[in-house]
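Read off the chains here:
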Amino acid sequence: MPSHTLILEIGIAVGLVAFVGLIANKLKFSVIPFFILIGMVLGQHAPQIGHIDLTFTESKPFIDFMGRLGVLFLLFYLGLEFSVGRLIKSGKSIVTGGTVYVLLNFVSGLLIGWMMDLPFKEMMVLCGIMTSSSTAIVAKVLTDLKRTANPETEVIMGMIMFDDLFIAMHISFLSGLILTGSSSFWTVAGTSLLALGFILTFLILGRKLVPAIDKLLQVKSSELFVLVIFALLFITAGFSETIHVAEAIGALMAGLVLADSQYIKKIEAMVLPYKDFFGAMFFFSFGLSIDILSLGGAVLWASIAALVTILGNLASGYFAARFSGMKNKTAFDIGFTLSARGEFSIIMANIGKAGGLLPVIQSFVVVYVLILSIVSPLLTKESRNLWTKLFGKDEIKPKKVKRLSDLESGQTL
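Residue numbers restart at each chain and count upward from 1, following the sequence in its written direction. At least 70 in pLDDT is required for a residue's local features to be given in this predicted model, at least 80 for side-chain atom pairs to be given and counted, and no such filter applies to totals for whole chains, interfaces and linings, which use all residues. Hydrogens are left out, water is left out, and the side-chain values use all remaining heavy atoms of the structure.

This brings us to the nonpolar core. Counting residues in each nonpolar core, the largest one holds 123 residues, and the members touching the most others are Leu-75, Phe-76, Ile-229, Phe-284 and Phe-364. The contact definition used throughout considers only heavy atoms, calling two residues in contact when any of these lie within 4.5 Å. Once residues lying within four places of it in the same chain are set aside, the contact partners of Leu-75 are Ala-248, Ala-251, Leu-252, Phe-344 and Ile-347. By nonpolar core is meant a set of buried Ala, Val, Leu, Ile, Met, Phe, Trp, Tyr and Cys residues that side-chain atoms within 4.5 Å join together. Per-residue accessibility, obtained with a 1.4 Å probe over protein chains only, is compared with the maximum for each type, and a residue is labelled buried under 20%, exposed over 50%, and partly exposed between these values.

Dropping the structure here:
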């Protein structure tokens, strides 16, 4: 194929992603399943129109690299938003609810993996896929439904933070288990401990370097400001990859360190457009890598897993509501909202792909993410109505009206 069509292919890819994004926005849906679907439709079986190859054969390596950048910016931005201090201050109810949430979903992954007769490595990836809620979808749903000020939203976001913390630890474990290519227990344990040590060391030493970083960021030039931030991001992510720690963890660590910077608001505003653009290309490139004809074998298991996830999250929502002293009906709000799956499930699957694990993981995560990224926002929107239909409206006890005789008798006592 002539190389002069490369830029045109990239332009068409970005245009199509923007087009389906506009459709999703019009329908008030999450854009993630639309980005994946357009990639799958155009992927390996799309036609060639003139000089334009809609399979994006020539431009696919470049699109894949943009998707790789999307992972880095997604995790980097999450680190900027994340705060261990906030998690501690959120209270015992959120930590307890988050623990129940992680345990129920992780055990669900073990159950589904056992039923699918998966090897240990594939089962661990599956557990990560089923445990990682989508921060992007959850935040968008809460905003679209105007529930950000609701009392249960604080619990939801606290549980999301707790889950993200667990996922960071799980990714470091998977790095040792899968990315090293070793089957030795001691090698895997050593690499996992190295990853954990890298995280802890980076958090401790990195935060002490924040004042020095802030001095570098005192420049008036926006160009130099961007260059300093990007240098820190890519060097940290690249270094983590050299020691067999997923580059996504390095990006997360860079974000966590810069979260303490006095320029945090400026950094967030600068990074947000890159996160949105490259994040969209990440989902699109993931869709391009999937052969739509190979999904049949995973549909049943992914559907069962999606149902198990929703039920398990309703249970964790019930416990979180009880621990927080909220009404039982908020269990539906919490459980349905947290059922969304998206970016982190795909990142887990990509770790499995990089480690040469069974292709069924890729097929599974496509169907699983598509189901929950569509169904979860719909269920969240109708959570109050579903509770009312199943359990009826809450009884409102009428206040006793005091009569004059009651007041008079009270005065005589």
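The next thing to look at is the pattern of salt bridges. Throughout this description, the term salt bridge denotes a Lys or Arg side-chain nitrogen within 4 Å of a carboxyl oxygen of Asp or Glu. Under the defined criterion, the tally for this structure stands at six salt bridges. Of the charged contacts, one joins Glu-247 and Arg-68 as a salt bridge, the two residues approaching to 3.0 Å between their closest N and O atoms. Of this pair, Glu-247 sits in helix 12 (residues 247-258) while Arg-68 is found in helix 3 (residues 60-81), placing the two residues 179 residues apart along the sequence. Judged by its relative accessible area of 16%, Glu-247 falls in the buried class. Put simply, Arg-147, Glu-152, Asp-333 and Arg-384 are held in one network by salt bridges that share partners. Under the DSSP-based scheme used, a helix requires at least four consecutive residues in state H or I and a strand at least two consecutive residues in state E, with every element numbered from the N terminus.

A surface patch of nonpolar side chains, about 610 Å² in accessible area, is lined by Leu-165, Met-169, Leu-193, Leu-196, Leu-200, Ile-204 and Leu-205. Of all elements in the fold, only helix 8 (151-179) and helix 9 (185-208) reach the threshold of two or more residues within the nonpolar patch. Tracing the sequence through the fold places Leu-196 in helix 9. Judged by its relative accessible area of 32%, Leu-196 falls in the partly exposed class. Patches draw on residues past 30% relative accessible area with no salt bridge. Two like charges within 9 Å are joined, as are two nonpolar side chains (Val, Leu, Ile, Met, Phe, Trp, Tyr) within 5 Å. Here, Shrake-Rupley sampling with a 1.4 Å probe gives the accessible areas, and only protein chains in the shown set may cover a residue.

Once that is clear, we can look at empty space enclosed by the protein. Of the grid points, spaced at 1 Å and generated over the protein atoms alone, those admitting a 1.4 Å probe that cannot get out make up cavities, while open sets with protein on both sides within 12 Å along at least five of seven lines make up pockets; any residue with an atom within 4 Å of a point is treated as lining. Grid points are joined across faces, edges and corners, and a volume is the space filled by probe spheres set on the points. Scanning the model with the defined rule gives one cavity of 30 Å³ or more in all. Here the largest cavity is characterised by a volume of approximately 40 Å³. Looking at the largest cavity, the residues that line it are Leu-75, Leu-78, Asp-164, Ile-167, Ala-168, Ile-171, Leu-252 and Phe-344. When contributions to the lining of the largest cavity are tallied by element, the ones reaching two or more residues are helix 3 and helix 8. Among the elements that make up the lining of the largest cavity, the one with the highest residue count is helix 8 (four residues). Residue polarity follows a fixed list, in which Ala, Val, Leu, Ile, Met, Phe, Trp, Tyr, Cys and Pro are nonpolar, Asp, Glu, Lys and Arg are charged, and the others, Gly among them, are polar. Class assignment for the residues of the lining of the largest cavity results in seven nonpolar, no polar and one charged.

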